Amino acid sequence: MTFNSVSFFAFFPLAVLVCRLAPRRWQNAALLAVSYAFYCFNTPAWLPVLVLDSLATWALVRRMDAAEGLSRKRRLWAALGVNLGLLVLLKGASLLLHGAAVNAGLWQALSRLGLASEADGSAFSIILPLGVSFFTVQSVGYAVDVYRKKYAAEPSACNFALFVSFFPLISSGPIMRGDKLLPQLRAPRALHTDRAAHALVTFALGLFSKVAVADLLAVFANAVYGDVTAYTGLTLTFGALCYGLQLYFDFSGYSLMALGTAELLGLQLMTNFDTPYFSRSIREFWGRWHISFSSWLKDYVYIPLGGNRKGKARKYLNLLLTFLVSGVWHGVGLTYLIWGAMHGVYQIAGDATDRLRGRVYTALHVSRTGRLACAWQCLCTFALVNAAWVFFRAASVHDALYVLTAQFRNVSLTGLLADIRAIAASFNAKSLLSAAFLAFVLLALAGGVLLDCARRFKAPGGDLSARVLGLPLVFRWLLYYALAAFIFAGFLMNNGYFATAANFLYNNF
Amino acid sequence: MKKILPRLALLAAPFLVYFALFFAFEPYDYFGVKGGASSEDSVITRVRAYLSAPEDAIILGDSRMAHFDMNAVAEASGRSWSNLAFGGASLNESIDLFYLAAENNPSLNACYFGVSFYTLRAGDSRNRMEAIGTVVKNPVAYMLNFDYNADMLGELLLRLQGVQTGATRDAGAWEAIDSVDEDGNALPVRRNLIAYAATLYQNCAKPGTLPAIETEPYIDVWGAARERCTNPRALLDAMLAATPADSSYSLNRENLRRLEELAAYCAENGIELTFVLPPIDDALRQYLVAPLGLDEPMRTIRQALADTGAAVRDFEVEPEAVYAEEQYYDGFHLDVERGLPEFTRALFGAKEA
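Residues numbered from 1 in each chain as written. Chains lettered and ligands numbered in written order. Predicted model: local features only at pLDDT ≥ 70, side-chain atom pairs only at ≥ 80, totals over all residues.

1. Brief notes about the overall build of chain B
At step 1: Broken down by element type, chain B carries 14 helices and seven strands.
At step 2: For 353 residues, the compact-globule estimate of 2.2 N^0.38 gives 20 Å, and the C-alpha radius of gyration of chain B, at 22 Å, lies within 12% of that figure.
At step 3: Projected onto its principal axes, the C-alpha positions of chain B cover 75 × 55 × 35 Å.
At step 4: By the burial criterion, 41% of the 353 residues in chain B qualify as buried.
At step 5: Within chain B, contacts between residues at least 6 apart in sequence are counted, and of these 74% link residues at least 24 apart. (Helix = DSSP H or I, 4+ residues; strand = E, 2+ residues; numbered from the N terminus. Rg over C-alpha atoms; globule rule 2.2 N^0.38 Å. Buried ≥ 20, exposed ≤ 12 C-beta atoms within 10 Å, placed from the backbone. Contact = placed C-beta atoms within 7 Å.)

The structure is reproduced here in structure tokens:
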């Protein structure tokens, strides 16, 4: 069950009802039960692992908080070992066993338990616990914060279990910090009309991004990346661009839906995206993209490695290592490692050439912060990020290198248009419907970009929902109807998510 | 929260109106309240009807098995049948439909299964049964399905234009123009038979063997929108010049294996299985089968089906009955008035005799 599935629209109102009807002292227990129910709809067989991981972390950190010196450190390592060990073990097993010729009986037994699935034909693969990459790193952050005495260990096991498994954030974050979420869980919660309206608008904006933009761009991205060698020239650039936009609208859409869902339950999550494709540098990009994970990497990997306190060479090494960790966290494979390394190198190159670029601007008599320069910087950042996404998406390093090089061969606009038409025809064989599909994708994408521009330039603090709620009545309702119409049409084009439920991309990591 | 709910209702109002329209104009009578579907030979209509009132005998296949008058079938065979054949059905889909029918009716005891060289061609791996299975069982999935919404809007549009909707009747009302070529010279067979053979070249011959089929739209005497081929002579000449070297046809061994499995299943479960090779017009034999050398794979299929142990009713390879050109609507389909009744009696009546 994902936020964009029909089943979620039945589940969520019930979840809100259960949490609102529960007496104050049972509110968190009710929310925990709802979160576990959500988990059971996805990967039920792994629920015991989630529960045990939560309880082990809670107990270890509680004992750590009561200890000092070496004993404190040992317990920190134990808590880190439990979570990182679980993450490494499961991801490693998933990688090593994917499609492996292990005893068929074993695979069938695992399948019956819901721990494995048939992948391609007769090949099996491990089904990972929902959100394992997220809840483990969130627990690691919590353990380190308590160790550093940033805040005290959570006394209630129920609150901590809810902190780890809260259903709006378990599958793809945001990765919350203990001092941001745990105090909210301890405080009484009430839902006011204005907050509910804000939450619903936030959820609708996210749903629009996912259903009407990301999933339809996926038709083009999947077609190109599904058979890269069938294409050359601008079609490859187009496919790469579609994926870059798909990933953004998919993940930012998920994050907005998570924010809206949590807000309806009376909890505030951190913003995870802040119009990253308007960044003027790779450094700024990482301050705007998947903010909760970027800041997690900074606090728990980059700074412990020494950060920028030990000279330039060490700073660059630390940057590279941090981004390699990011790559491995996203997926255990060479393509992810290269993607991480590329971002590390981008950052190092950006830092090392900062002065030189400043001199170039001065020599050209162009203001570095002028509109033209900013637009140019955004464009360059966007191109660099998209070049790296090619490794993130491609099935192999060979495919990624093919996309990056063959896009400059046989460059033809008519070829691109013919390929786009052919891909649209694969959506629906009737020419009228495939043309309508193309027009809809273009309109929805324009809408998505427009909303992002509004978020960047017109919404203070990036809170577009507040901006929408402040619009005059007529414009506001026109926007509501437009959003609802696009979501409905997007839903139909995805066949209501019955035949081909489109998962969120970050659920895979 | 009390303020939010009326606003949500206001937001939902246009969509409720849309669903009311959907309910009124969906062409498959999914909810069974309109007393009959305008697209009565669609898979949705047929599977829904079967699931609600399954007969113990079923018909499967593509459009060639879909257009029977079921009263005539019942009269000829002396029993009631559920027709699960539908236009455009792939062999994979028909096979999966068989298992769906068998699972939902333990007393199923007879099956007429339409097969032909065309549905058994390699490369046709279409299978929409997973989606169809979801849609026939889940009304929400049906109402949120893109294709059925497009069909509903199409139906609505045609009704507003006063054009006849629903299944095409496959009943020809031919005019003089149908017997002459683009220059006004007489053609050896009707235009649409040539065009139909040319259409099949797209899946049986290498690309470029024939020129593109050119058409113009027209409204037939029934008021249905149709298309007429405007380059029959060019197509005919190209077809007559084709050779077996132009063929891209090969047999779908995987589907043949699935048919063997199906026959074994029927034998085990006491279901009397009959493979039906429906009739094809002589124009197809002359302009498609002969030039591309398809006789050989057709005979192989005939033999393979017989080897399964199931009965085979052959109207295609070594036909037990032949039909004249005027009895065909197009190369694959008998005219529902001039040819299909005779085929119905031959197929269902002869069995009883």
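2. Let's talk about unusual backbone geometry
At step 1: Not every positive phi belongs to a glycine, and threonine 275 of chain A is a case in point at roughly 40°.
At step 2: For threonine 275 of chain A, a count of 20 C-beta atoms within 10 Å puts it in the buried group.
At step 3: Residues other than glycine seldom take positive phi values, yet aspartate 29 of chain B does so here, at roughly 45°.
At step 4: Tracing the chain through its elements places aspartate 29 of chain B in the loop between α1 (4-25) and α2 (43-52).

3. Quick notes on the sheet that holds strand β3 (residues 110-114) of chain B
Picture the strands of a sheet paired through backbone hydrogen bonds; they go either parallel or antiparallel.
Residues and elements named next belong to chain B.
At step 1: Pairing within the open sheet is parallel, and its five strands lie in the order β2-β1-β3-β6-β7. Both edges of this open sheet fall to β2 (82-83) and β7 (311-314), since each of them pairs with a single strand only.
At step 2: The pairing of strand β1 (residues 57-60) with β3 spans four bridges and is classified as parallel. The residue bridging alanine 57 from the neighbouring strand is alanine 110, located in β3.
At step 3: Across the sheet, helix α13 (residues 295-307) is in contact with β6 (272-277) and β7; its angle to β7 comes to roughly 150°. (Pairing = 2+ DSSP bridges. Axes fitted to C-alpha atoms, helices over the stretch in contact; angles between N-to-C directions.)

4. Focus: the domain arrangement of chain A
Residues and elements named next belong to chain A.
At step 1: We note that the domain assignment places domain 1 (6-189), domain 2 (194-273 + 408-508) and domain 3 (292-393) within chain A.
At step 2: Facing the eight residues of domain 2 at the interface are six residues of domain 3.
At step 3: In terms of residue count, the dominant contributor to the side of domain 2 that touches domain 3 is helix α11 (residues 234-264) (five residues).
At step 4: Taken together, the residues that form the side of domain 2 that touches domain 3 break down as six nonpolar, two polar and no charged. (Domains from an automatic or database assignment. Nonpolar A, V, L, I, M, F, W, Y, C, P; charged D, E, K, R; others polar.)

5. Notes on the pairing of β6 of chain B
At step 1: Of the pairings in the sheet, the one linking β3 of chain B to β6 of chain B comprises five bridges and is parallel in character. Paired with cysteine 111 of chain B across the two strands is leucine 273 of chain B, which belongs to β6 of chain B.

6. Quick notes on the interface of chain B and chain A
At step 1: Listed as interface residues are 17 residues of chain B and, on the opposing side, 16 residues of chain A.
At step 2: Among the elements of the structure, α1, α6 (129-137), α7 (139-143) and α8 (146-161) of chain B are those that each provide at least two residues to the side of chain B that touches chain A.
At step 3: Ranked by residues supplied to the side of chain B that touches chain A, first place goes to α1 of chain B with four residues.
At step 4: Broken down by class, the residue content of the side of chain B that touches chain A amounts to eleven nonpolar, four polar and two charged.

7. Focus: the environment of alanine 45 of chain A
Residue and element names in this part refer to chain A.
At step 1: When you line up the elements, alanine 45 lands in the loop between α2 (27-42) and α3 (47-66).
At step 2: The class for alanine 45 is partly exposed, based on 15 C-beta atoms found within 10 Å.
At step 3: Considered as a pair, alanine 45 and glycine 114 are 69 residues apart in the sequence and their alpha carbons are 5.8 Å apart.
At step 4: Setting aside its immediate chain neighbours within four residues, alanine 45 contacts Leu113, Gly114 and Leu115.

8. Comments concerning the environment of phenylalanine 315 of chain B
Residues and elements named next belong to chain B.
At step 1: Topologically, phenylalanine 315 is positioned in the loop between β7 and α14 (340-352).
At step 2: With 21 C-beta atoms packed within 10 Å, phenylalanine 315 lands in the buried category.
At step 3: Phenylalanine 315 sits 38 residues away from leucine 277 along the chain, and the two C-alpha atoms are 5.5 Å apart.
At step 4: Aside from chain neighbours lying at most four places away, what touches phenylalanine 315 is Leu277, Pro278, Pro279, Glu320 and Ala321.

9. What about the packing of helix α20 (residues 431-457) of chain A against helix α22 (residues 473-493) of chain A?
All names here are of chain A.
At step 1: At their nearest, the axes of α20 and α22 sit 12 Å apart, and the two run at 135° to each other. For the element pair α20 / α22, the angle class is oblique. Viewed along their axes, α20 and α22 form a crossing whose handedness is left-handed. In contact with Phe437, Phe440, Ala444 and Gly447 of α20, α22 contributes Phe486, Ala489, Gly490 and Met493.
At step 2: Within the contact of α20 with α22, the residues separate by chemical class into six nonpolar, two polar and no charged. (Parallel < 35°, antiparallel > 145°, perpendicular 65-115°, else oblique. Left-handed = near helix turned anticlockwise from the far one by under 90°.)

10. Things to note about the packing of helix α4 (residues 69-97) of chain A against helix α6 (residues 132-147) of chain A
Helix packing for two helices is described by the angle between their axes and how far apart those axes are.
Residues and elements named next belong to chain A.
At step 1: Their axes nearest at 9 Å, the elements α4 and α6 cross at an angle of 170°. When the axis of α4 is compared with that of α6, the two are roughly antiparallel. The segment α4 lies against α6, with Arg72, Leu76, Ala79, Leu80, Asn83, Leu84, Leu86, Leu87 and Leu90 engaging Val132, Ser133, Thr136, Ser139, Val140, Ala143 and Tyr147.
At step 2: Of the residues that constitute the contact of α4 with α6, the class distribution is eleven nonpolar, four polar and one charged.

11. Points about the nonpolar core
At step 1: Ranked by size, the top nonpolar core spans 124 residues in total, and within it Val61, Phe208, Ala212, Leu217 and Phe391 of chain A carry the most contacts.
At step 2: Considering each element in turn, this core owes the most residues, 21 residues, to helix α10 (residues 193-226) of chain A.
At step 3: Apart from the residues within four sequence positions on either side, valine 61 of chain A is in contact with Ala79, Tyr142, Ala143, Val146 and Ala153 of chain A.
At step 4: With 92 residues, the next largest nonpolar core counts Tyr28, Val136, Val289 and Tyr329 of chain B among its residues. (Core = buried A, V, L, I, M, F, W, Y, C linked by C-beta atoms within 7 Å.)

12. Here we look at the confidence of the model for chain A
At step 1: Summarising the model, chain A shows a mean pLDDT of 88, and 94% of its residues fall at 70 or more.
At step 2: Mean pLDDT per element in chain A: strand β1 (residues 116-118) of chain A is the minimum at 74, and helix α7 (residues 157-165) of chain A is the maximum at 95. (pLDDT = per-residue confidence, 0-100.)

13. Examining the confidence of the model for chain B
At step 1: Per-residue confidence for chain B averages 88 on the pLDDT scale, and 93% of its residues sit at or above 70.
At step 2: Interface predicted TM-score (ipTM) for the complex: 0.74; the corresponding pTM is 0.79.

14. Side note on the environment of phenylalanine 238 of chain A
All names here are of chain A.
At step 1: Relative to the assigned elements, phenylalanine 238 resides in helix α11.
At step 2: Residue classification places phenylalanine 238 among the buried positions, given that 20 C-beta atoms sit within 10 Å.
At step 3: A sequence separation of 248 residues divides phenylalanine 238 from phenylalanine 486, and the C-alpha atoms of the two residues are 23 Å apart.

15. Some points on helix α4 (residues 70-77) of chain B
In an α-helix, one turn spans 3.6 residues, which is why side chains three or four residues apart end up on the same side.
Residue and element names in this part refer to chain B.
At step 1: Within α4, burial applies to Val73, Ala76 and Ser77. Take α4 and look down its axis: the buried residues cluster within an arc of 85°, on one side only.
At step 2: A positive phi of about 75° marks glycine 78, the residue just after α4. (Arc of directions from axis to C-beta.)

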